[in-house]
Amino acid sequence: MEPIDATDTPEALLTRLIDLRTEHRDLDEAIGRLTQSPPDDQLLLRRLKKRKLLIKDRIFALERMLDPDPDEYA
């Protein structure tokens, strides 16, 4: 996973955000399938959950970069 670069254009950041949201959704679906079908591969499940959390953190960081403080001017 490539690092977030604050010098990227807003369009590039938005594209990255969309990609991360898609990957996050895909991981959520994969985790759901793994938990429903035995035998559970606990190591794989933990790795997918850890990656999903990392992606969630990156999504949050990108959202903050694109809209730093939505209430700042209210």
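Scroll up for the structure.
Cut-offs and rules
- Residues numbered from 1 in each chain as written.
- Predicted model: local features only at pLDDT ≥ 70, side-chain atom pairs only at ≥ 80, totals over all residues.
- Heavy atoms only, no water.
- Patch = residues over 30% accessible without salt bridge, like charges linked within 9 Å, V, L, I, M, F, W, Y side chains within 5 Å.
- Areas by Shrake-Rupley, 256 points an atom, 1.4 Å probe, with all protein chains shown as cover.
- Salt bridge = Lys/Arg side-chain N within 4 Å of Asp/Glu carboxyl O.
- Helix = DSSP H or I, 4+ residues; strand = E, 2+ residues; numbered from the N terminus.
- Core = buried A, V, L, I, M, F, W, Y, C linked by side-chain atoms within 4.5 Å.
- Buried < 20%, exposed > 50% of the residue type's maximum accessible area, 1.4 Å probe, protein only.
- Contact = heavy atoms within 4.5 Å.
- Axes fitted to C-alpha atoms, helices over the stretch in contact; angles between N-to-C directions.
- Parallel < 35°, antiparallel > 145°, perpendicular 65-115°, else oblique.
- Left-handed = near helix turned anticlockwise from the far one by under 90°.
- Nonpolar A, V, L, I, M, F, W, Y, C, P; charged D, E, K, R; others polar.
- Lys, Arg positive; Asp, Glu negative; His and termini not counted.
- Charge placed at Lys NZ, Arg CZ, Asp CG, Glu CD.

### Some details on a nonpolar patch on the surface
- On the surface, Leu14, Ile18 and Leu66 cluster together to form a nonpolar patch covering roughly 240 Å² of accessible area.
- By the secondary structure assignment, Leu66 is in helix H2 (residues 42–66).

### Digging into the nonpolar core
- Formed by Leu13, Leu17, Leu20, Leu27, Ala30, Ile31, Leu34, Leu45, Leu48, Ile55, Ile59 and Leu62, the largest nonpolar core amounts to 12 residues.
- For this core, the secondary structure elements donating two or more residues are helix H1 (10–36) and H2.
- The greatest single-element share of this core, amounting to 7 residues, is contributed by H1.
- The residues touching Ile55, leaving out its near neighbours within four places in the chain, are Met1, Leu20, Glu23, His24 and Leu27.

### Here we look at the pattern of salt bridges
- One pass over the structure, following the stated rule, counts 4 salt bridges.
- Glu23 is paired through a salt bridge with Arg51; the nearest N and O atoms lie 2.6 Å apart. Taken as a pair, Glu23 in helix H1 and Arg51 in helix H2 lie far apart in primary sequence, 28 residues in all.
- We note a salt bridge from Lys52 to Asp28, for which the minimum N-O separation is 2.7 Å. You can see Lys52 sitting in helix H2 and its partner Asp28 sitting in helix H1, a full 24 residues away along the chain.

### Brief notes about the packing of H1 against H2
- Where H1 contacts H2, the two axes come as close as 9 Å, and the packing angle between them is 155°. It follows that H1 is roughly antiparallel to H2 by the angle criterion. Remark: the crossing between H1 and H2 carries left-handed chirality.
- Residues of the contact of H1 with H2, tallied by class, amount to 17 nonpolar, 2 polar and 10 charged.

### Side note on a negative patch on the surface
- Where like charges cluster on the molecular surface, the negative patch consists of Glu2, Asp5, Asp8 and Asp19.
- Tracing the backbone shows Asp19 in helix H1.
- Taking relative accessible area as the criterion, Asp19 reaches 42% and is therefore assigned partly exposed.

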